[in-house]
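So you can see what is in the structure, the chains are spelled out below.
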Amino acid sequence: MKNLGFFTLAIWVLATMTGCDYHFSSYSGAWTNADLTAVTNVTQTTGIPSGLKGLTVDNRLGSIHVNGTDNGATAWTWKLTIHARSENVAQQIASNTICKAEIKGDYLSLSVSLPDSSEPHCIESDFEITAPKSIAVQAENGFGGILIADFAGNVRATNKNGPLEIRDIGGNVEARTSFDTLSVSNTGPATLKNQNGKIQVAVVTGPLKAATSFASLVVRDIRGAASLSNQNGEIQAVAIQGALDAKTSFDSLVAREIRGPVRLRDQNGSVQLNQVNGSADIETSFDSLSVEGIQGDAVLKNQNGEVRASGITGFIKASTSFAAMEVAGSGPMFLCNNQNGGIRLHATSTALTNLEAKTSFGTLEVHLAAGLKPAIQAHTTFGNVESDFPVLMKPSGEDPFTEIAPDTPQIRLQNQNGNISIVQD
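All residue numbers here refer to positions counted from 1 along the written sequence of the relevant chain. Only residues with pLDDT of at least 70 are given local features in this predicted model, and only at 80 or more are side-chain atom pairs given and counted; all residues enter the totals for whole chains, interfaces and linings. The side-chain quantities take in all heavy atoms of the structure and omit both hydrogens and water.

S.K.: Quick question: what am I supposed to make of the overall build of the chain here?
M.R.: Broken down by element type, the chain carries 1 helix and 39 strands. Only the C-alpha atoms count toward the radius of gyration. The rule for a globule is 2.2 Å times the residue count to the power 0.38. In summary, the chain has a C-alpha radius of gyration of 32 Å against a globular reference of 22 Å for 425 residues, an excess of more than 25%. Expressed as lengths along the three principal axes of its C-alpha atoms, the size of the chain is roughly 100 × 50 × 30 Å. Scored against the burial criterion, the 425 residues of the chain give a buried share of 48%. Only heavy atoms enter the contact rule, under which two residues are in contact if any of them lie within 4.5 Å. For the chain, contacts bridging at least 24 residues in sequence account for 35% of all contacts bridging at least 6. Accessible area for the chain stands at about 19,000 Å²; split by element, carbon and sulfur atoms hold 46% of it. Labels follow the DSSP assignment, with helices taken as runs of H or I lasting at least four residues and strands as runs of E lasting at least two, numbered in each case from the N terminus. Between buried and exposed lies partly exposed: a residue is buried under 20% and exposed over 50% of the maximum accessible area for its type, with that area taken using a 1.4 Å probe on protein chains only. For the accessible areas, the method is Shrake-Rupley and the probe is 1.4 Å, while residue cover comes only from the protein chains on display.

S.K.: Teacher, can you tell me more about the pairing of strand β13 (residues 164–169) here?
M.R.: Two faces make up the sheet, and in a regular strand the side chains alternate between them. Should DSSP find at least two bridges between two strands, the strands are taken to pair. With 5 bridges joining them, strand β11 (residues 146–151) and β13 adopt parallel strand pairing. Paired with Ala-149 across the two strands is Arg-167, which belongs to β13. Alignment of β13 against strand β15 (residues 182–187), held across 4 bridges, turns out to be parallel. Following the sheet pairing, Glu-165 is matched in β15 by Ser-183.

S.K.: When you look at the nonpolar core in this model, what are you seeing that I'm missing?
M.R.: Proteins that are soluble and globular tend to have nonpolar side chains buried together. Among the buried residues, those of types Ala, Val, Leu, Ile, Met, Phe, Trp, Tyr and Cys that are joined through side-chain atoms within 4.5 Å form a nonpolar core. Ile-148, Leu-192, Leu-228, Leu-273, Leu-355 and Leu-368 are the most contacted members of the largest nonpolar core, which totals 100 residues. When residues of this core are assigned to their parent elements, the largest contribution, 5 residues, is made by strand β6 (residues 75–84). Other than its neighbours up to four places away in sequence, Leu-228 contacts Leu-208, Ala-210, Leu-217, Val-219, Ile-235, Ala-237, Leu-244, Asp-245, Ala-246 and Lys-247.

S.K.: Quick question: what am I supposed to make of the environment of Ser-183 here?
M.R.: When you line up the elements, Ser-183 lands in strand β15. Spatially, the C-alpha atoms of Ser-183 and Ile-199 are 5.9 Å apart, while their sequence positions differ by 16 residues. The contacts of Ser-183, once residues within four sequence positions are left out, are Leu-164, Glu-165, Ile-166 and Gln-200.

What follows is the structure, given as structure tokens:
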């Protein structure tokens, strides 16, 4: 192992105090930034050797900025700022704060060791790095930001209590932070995790896996499958060129322009889905469920919330309670169940083979294509049946469909305490 530097650096005192946001002190007495009138700055700049394949950076209480370059100068700069109540304390803390640079195989490793002190103080430790674009980058930080941009290799970054931004990366990305924003754009396949912070993603070439809580999760232009998870925060997913699996709770879930099958789960939040090239499997409760333009089958389940669906080309299975249901599609089969809410169905194709709908305490209204010649059974307990088509009448307990041709479309409608209406469009 070759040691590039083990730095205890010369220091100087600035005449005026700069701002300080990062506190590092075990002192228990009351104090504020205004008490820290002495400032010590340390700066070290060193070139980066050629031929490296990777860079690792380990920092605390400051920022890490790493940018790739094809043909520019490469170097790293570390700046340390100490705020304390006296010049002597500031210089003592600075002399015990160490930046260590080592070559480990074909990787450059940069790490900062911070001292503890019983004196009131704060530390800002910042890295500015320009490195060869071809290398892989790994960074870890706490209580400060990370920015990594313009690299062809893989990137892995972990932050605690600070913003994290990664952009223009040719390789895979793994990133994690908490209590601040995680932003990723124009990268290869990505795995992202945030805790109590927002995630924003745009243009990922490959699959995406992202999870957060108590903040929004917004993704667009994912050129692969996407798996999204949120807890008590909204999800927005737009332009996914693969399967989408997303779940959240107590907030909205919105997805559109999905080129693959969709599975959405929400708890006590609204769900809105538009333009899907594939099947859709959706569940929510206590809020609205709305879908439009599903090129495939749809399974829609709500509890105590409305269901509205249109433009569905495949099989439809929908259920809810205590709210309205309105479903339209050109598929061959409808299975719809409501409890204490009305149902309105539009079967727009003569290719319909089976339709079953059941509700109570609301109107059941079915619209059928004009060219359809179905066999219909309709029954309500405390309502009326009105139909533009003939309705089969058989004694109770007998199957009214036993004598019809096998290829005849079959329609079964049941209501309780509500009317049934069958309309020819």
